[in-house]
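Residue-level listing of the chains:
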Amino acid sequence: MAASAVCWVEVYAGPVQDLIDELGRMPGVGPKSAQRIAFHLLKLSRDDAVRLATAIVEVKDKVAFCERCWNVAEGPRCGICLDDRRDAHLLCVVEEPRDIVAVEKTHEFRGRYHVLQGAISPIEGIGPDQLKVKELLGRLEPEGVTEVILCTNPNIEGEATAMYLARLLKPLGIKITRIASGLPVGGDLEYADELTLGRALEGRREVD
Ligand SMILES: [Zn+2]
């Protein structure tokens, strides 16, 4: 074990190890994958590598989060918040901006969104304070929201988050609904096909 650790350090010292370390910090990328991606990047032409690096820098420089719904935005507000044809009474709560893309693809929803930027996960130390829950509460009255649709992922974290929010929001006298079951359990919304997610939205039930 000690011998292989020494070997590892000797082989990958310097910029290659720095790259592996950075890649290894990405979600879902373990040490082996990080190594594999690093060597893939090493083989890229300089032009391709610069294009990738530029895309990362550009997204950091030009894209931020919408001040209202926490979707990605190229200005203070995202395209959906700027669209006044959207129904302000309906608010769909999702975990990540990519979930908005999944819901939009169904063409079943014409309201607005709120991105929590994660889900409750005690194992990862993520509680309501780390999510955009306070921001959600602050929107309900000013925007005249009458229904909150809890559209978090159909996995343990997503269900826990939906349950937490339902308990928190119910006393406020707003209709709280949860997307119908039928989505692949344990999966992410983004992997559900449009038809299934559309049906889950349409068949949403009031949380009691
Ligand atoms: Zn927005």
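Overview of the structure. Everything numeric here is computed off the predicted structure, so don't read it as measured data. Note on numbering: residues in each chain are counted from 1, in written sequence order. The model is predicted, so local features are restricted to residues of pLDDT at least 70 and side-chain atom pairs to those at 80 or more, both for listing and for counting; the totals for chains, interfaces and linings are taken over all residues. Side-chain measures were taken over the full set of non-hydrogen atoms in the model, leaving aside hydrogen atoms and water.

With respect to the coordination of the zinc ion
Put simply, the ideal angle at a metal is 109.5 degrees for four donors in tetrahedral geometry and 90 or 180 degrees for six donors in octahedral geometry. Only nitrogen, oxygen and sulfur atoms qualify as donors, and only when within 2.8 Å of the metal (3.2 Å in the case of Na, K and Ca); with water excluded, sites may look incomplete. Within the first shell, the zinc ion binds the protein through Cys66 (SG), Cys69 (SG), Cys78 (SG) and Cys81 (SG), at distances of 2.3 to 2.4 Å. Considering all 4 donor atoms around the zinc ion, angles at the metal cover 100 to 119 degrees and the coordination shape is tetrahedral. Look at where the donors of the zinc ion fall in the sequence and you get C-x2-C-x8-C-x2-C. Taking the relative accessible area as the measure of exposure, cysteine 78 reaches 1% and is therefore buried. Between buried and exposed lies partly exposed: a residue is buried under 20% and exposed over 50% of the maximum accessible area for its type, with that area taken using a 1.4 Å probe on protein chains only. Exposure remark for cysteine 81: the relative accessible area of 7% places this residue in the buried category. Angular criteria define each label, namely tetrahedral for four donors with all angles between 85 and 135 degrees, square planar for four and octahedral for six donors with opposite donors over 155 degrees apart and remaining angles between 65 and 115, and irregular for whatever fails these tests.

Some remarks on the pattern of salt bridges
When a carboxyl oxygen of Asp or Glu lies within 4 Å of a side-chain nitrogen of Lys or Arg, that pair is called a salt bridge. Summed over all chains, the structure comprises 11 salt bridges. With a closest N to O distance of 3.4 Å, glutamate 22 and arginine 25 form a salt bridge. According to the relative accessible area criterion, glutamate 22 is partly exposed, its value standing at 43%. We note a salt bridge from glutamate 159 to arginine 178, for which the minimum N-O separation is 3.1 Å. Placement of the pair is glutamate 159 in helix H8 (residues 156-169) and arginine 178 in strand S6 (residues 175-178), with a sequence separation of 19 residues. Here arginine 178 falls in the buried class, since its relative accessible area comes to 13%. The network of salt bridges with common partners includes Arg112, Arg139 and Glu143. Under the DSSP-based scheme used, a helix requires at least four consecutive residues in state H or I and a strand at least two consecutive residues in state E, with every element numbered from the N terminus.

Quick word on the packing of helix H6 (residues 97-106) against helix H9 (residues 194-202)
At a closest axis distance of 8 Å, the pairing of H6 and H9 adopts a crossing angle of 85 degrees. Between H6 and H9, the interaxial angle falls into the category roughly perpendicular. In this structure, H6 contributes Ala102, Val103, Lys105 and Thr106 to the contact, and H9 contributes Glu194, Leu197, Gly198 and Leu201. Classifying every residue of the contact of H6 with H9 gives 4 nonpolar, 2 polar and 2 charged. All axes here are fitted lines through C-alpha atoms, helices being fitted over the stretch that makes contact, and every angle between N-to-C directions spans 0 to 180 degrees. Angle categories: roughly parallel below 35 degrees, roughly antiparallel above 145, roughly perpendicular from 65 to 115, and oblique for all the rest. By the convention used here, residues are in contact when the closest approach between their heavy atoms is within 4.5 Å. Each residue gets one label: Ala, Val, Leu, Ile, Met, Phe, Trp, Tyr, Cys and Pro are nonpolar, Asp, Glu, Lys and Arg are charged, and the others, such as Gly, are polar.

Looking at the sheet that holds strand S5 (residues 147-150)
Two modes of strand pairing occur in sheets, parallel and antiparallel, and in both the strands are linked by backbone hydrogen bonds. Here, a strand pair is defined by DSSP locating no fewer than two bridges between the strands. Pairing is mixed across the open sheet formed by 5 strands, whose spatial order is S4-S3-S5-S6-S7. Strands at the two margins of the open sheet, each flanked by one partner only, are strand S4 (111-115) and strand S7 (205-206). Where strand S3 (residues 87-94) meets S4, 5 bridges bridge the pair, whose relative direction is parallel. From the neighbouring strand, valine 93 faces S4, where its bridge partner is histidine 114. The strands that helix H7 (residues 133-140) touches are S3, S4 and S5; relative to S4, the one it contacts most, it runs at about 155 degrees.

Re the pairing of S4
Of all the 5 residues making up S4, 5 are buried; the element is thus mostly covered by neighbouring parts of the structure. If you view a crossover with the strands going away from you and the path from the first strand over the helix to the second runs clockwise, you call it right-handed. Read as a crossover between parallel neighbours, the route from S3 over H6 to S4 is right-handed.

Some words on H7
For H7, the set of buried residues is Val133, Leu136, Arg139 and Leu140. Viewed along the axis of H7, the buried residues span an arc of 120 degrees, placing them on a single side of the element. Looking at the buried side of H7, the elements it contacts are S3, S4, S5 and H8. What the arc describes is the spread of directions from the helix axis to the C-beta atoms.

Brief notes about the nonpolar core
Remark: nonpolar core denotes a set of buried residues (Ala, Val, Leu, Ile, Met, Phe, Trp, Tyr, Cys) joined through side-chain atoms within 4.5 Å. Ranked by internal contacts, the top residues of the largest apolar core, which has 24 residues, are Cys78, Val94, Val103, Phe109, Tyr113, Cys151 and Ile179. Where this core is concerned, the elements lending two or more residues are helix H5 (79-82), S3, H6, S4 and H9. With residues near it in sequence (within four places) discarded, valine 103 still touches Phe109, Tyr113, Cys151, Leu197 and Leu201. Grouped together as the second largest cluster of nonpolar side chains are 17 residues, Val133, Val145, Leu169 and Ile174 included.

Structural notes on the environment of alanine 38
Its location among the elements puts alanine 38 in helix H3 (residues 31-43). What makes alanine 38 buried here is its relative accessible area of 1%. Distance from alanine 38 to aspartate 18, taken between C-alpha atoms, is 9.6 Å for residues 20 residues apart in sequence. When sequence neighbours within four positions are dropped, the list of residues in contact with alanine 38 reads Leu19, Ile20 and Leu23.

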